[in-house]
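These are the residues of each chain, in order.
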Amino acid sequence: MSSLNGSVCFDEARRVAIFGGTHGNEMSGVTLVNLWVKNGAEIQRKGLEAKPFITNPRAVKKCTRYVDTDLNRAFSPENLSAPWGDDLPYEVQRAQEINRLFGPKGSPEAYDVIFDLHNTTSNMGCTLILENSKDHFNLQMMNYIKKAIAPASCLVLLNEHPLLKYSTSRSVAKHPVGLEVGPQPQGVLRSNIFESMRIILKHALDFIELFNEGVEFPACTVEVFRVLERVDYPRDTNGNIIAMVHPNLQDCDWEPLNPGDPMFQTFEGKPIYYQGPGTVYPTFINEAAYYEKQQAFVTTRREALVASTIRKA
Ligand SMILES: CC(=O)N[C@@H](CC(=O)O)C(=O)O
Ligand SMILES: [Zn+2]
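Because the structure is predicted, anything quoted here is derived from the model rather than measured.

As enumerated under the stated definition, the model contains 16 aromatic pairs in all. Ring geometry for Phe102 against Tyr111: centres 4.8 Å apart, planes inclined by 65°, an arrangement best described as edge-to-face. Plain terms: the ring middles of Phe225 and Trp254 are 4.8 Å apart, the flat faces sit at 55° to each other, and that makes the pair tilted. Of this pair, Phe225 sits in strand E9 (residues 220-231) while Trp254 sits in the loop between strand E10 (243-245) and strand E11 (262-266), and the two are 29 residues apart along the sequence. Comparing Phe225 with Trp254 shows no difference in burial state: the two are buried. The rings of Phe10, Phe137, Tyr144, Phe207, Phe211 and Phe217 are connected pair by pair, giving a single aromatic cluster. Above the plane of the ring of Tyr166 lies Arg73, whose end atom (NZ or CZ) is 3.6 Å from the centre.

And the structure:
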């Protein structure tokens, strides 16, 4: 990557991977990737190799999120450099394998782009997840996808938080992209969710093909929702949940939550109000997989990011 006259140059993105089954019970990604492993015609584009890959086959087989530990938290420097041994948790072994195949993370040999396909039980619609607000290649891709699918919508969640950011499977790539589509229950396939995921990926691959052909993408702004805070369920001293997501908040991902708005409801029916300093945009509301992570939802703030002009080096 280099910068000249305000435009940013990137190498062609020739090595692209599409991950499914990072969580073995998120069925749209698992099913699409299995489909493309059998027949990859749909994901082929001129000038790039798109490799479909099931990242956690044991979890897929059991239709569970993970076997020993969450694979999408396992790509830390400590895990990736841990001495190999059969005593390592399965997902840590797998992270090392994936890092060898698609990385090494942070190196010039790493894959250019990895799309990681996820489903959420939250009512988030189509969401693209970024980890870096300065990745102008990814920001331009987000802008392209948003325009391509309009009037349908697709929001961008930016997880760049110093404490809440985690070491994802896709973080092995130079340009990591998470694709999160919901609502879809764990272990269930819904045709509308499956098709939305498929269409977003089609546009994403089209963008890379155009970029590799030499198309210049002019500067633009991209609306993103930046992760601010994790909010846990109210709990008693034993750690048991004592309230549920309030009906006014349930399914209202991306809608403003203002100070004084109800966010939880106790089993006795008593509302608990949001007391933050200003309006936030909650998402991942009541995600099933996050009960174990002590997270009822995450708050975000809306931001407009500037994407520089990009072209190929
Ligand atoms: C529901 C779910 O699994 N969400 C993903 C989000 C991501 O890929 O960043 C996760 O927690 O790993
Ligand atoms: Zn997931």
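Having seen it, we continue.
The next subject is the coordination of the zinc ion (ligand 2). Around a metal, the ideal angle is 109.5 degrees if four donors adopt a tetrahedral arrangement and 90 or 180 degrees if six donors adopt an octahedral arrangement. Distances from the zinc ion (ligand 2) to its protein donors, namely His23 (ND1), Glu26 (OE), Glu26 (OE) and His118 (ND1), fall within the range 2.0 to 2.3 Å. Positions of the donor residues of the zinc ion (ligand 2) along the chain correspond to the pattern H-x2-E-x91-H. Relative accessible area serves as the criterion here: at 3%, His23 is assigned to the buried category.

A few words now on the sheet that holds strand E8 (residues 175-182). With mixed pairing, nine strands are arranged side by side in an open sheet as E4-E3-E5-E8-E6-E7-E9-E14-E13. The two strands at the open ends of the sheet, each matched to only one other strand, are strand E4 (49-54) and strand E13 (281-283). The mean angle between the axes of side-by-side strands here comes to 30°, regardless of whether they run parallel or antiparallel. Alignment of strand E6 (residues 125-130) against E8, held across five bridges, turns out to be antiparallel. Across the sheet, the residue bridging to Thr127 is Glu180, located in E8. Strands in contact with helix H5 (residues 136-149) are strand E5 (113-119), E6, strand E7 (154-158), E8, E9 and strand E14 (297-307); relative to E9, the strand with the most contacts, it is inclined by about 105°. Against the sheet, helix H6 (residues 191-213) engages strand E3 (15-20), E4, E5, E6, E7 and E8, with an angle of about 170° to E5.

On the basis of which strands lie adjacent, the open sheet formed by three strands has the order E10-E11-E12 and antiparallel pairing. With partners counted over all chains shown, the strands left at the sheet margins are E10 and strand E12 (271-273), one partner each. Here the average twist between neighbouring strands, direction ignored, is 35°. Pairing of E11 with E12 involves three bridges; the strand directions are antiparallel. What sits directly across from Pro262, in E12, is Tyr273.

Below, the discussion takes up the site of ligand 1. Residues in contact with ligand 1 amount to 14 residues; listed here are only the nearest, Asn72, Arg73, Tyr166, Arg170 and Tyr290. Measuring from an oxygen atom of ligand 1, one finds a side-chain N or O atom of Arg170 at 2.7 Å. Taking Tyr290, its side chain carries an N or O atom lying 2.5 Å from an oxygen atom of ligand 1. In terms of residue class, the shell around ligand 1 is made up of four nonpolar, four polar and six charged.

Thresholds, definitions, all that
Residues numbered from 1 in each chain as written. Chains lettered and ligands numbered in written order. Predicted model: local features only at pLDDT ≥ 70, side-chain atom pairs only at ≥ 80, totals over all residues. Heavy atoms only, no water. Phe/Tyr/Trp six-rings, centres within 6.5 Å; stacked < 30°, edge-to-face > 60°. Helix = DSSP H or I, 4+ residues; strand = E, 2+ residues; numbered from the N terminus. Buried < 20%, exposed > 50% of the residue type's maximum accessible area, 1.4 Å probe, protein only. Lys NZ or Arg CZ within 6 Å of the ring centre and 35° of its normal. Donors = N, O, S within 2.8 Å, 3.2 Å for Na, K, Ca; no water. Pairing = 2+ DSSP bridges. Axes fitted to C-alpha atoms, helices over the stretch in contact; angles between N-to-C directions. Contact = heavy atoms within 4.5 Å. Near = heavy atom within 4 Å. Polar contact = N/O pair within 3.5 Å; in protein donor to acceptor, adjacent residues only side chain to side chain. Nonpolar A, V, L, I, M, F, W, Y, C, P; charged D, E, K, R; others polar.

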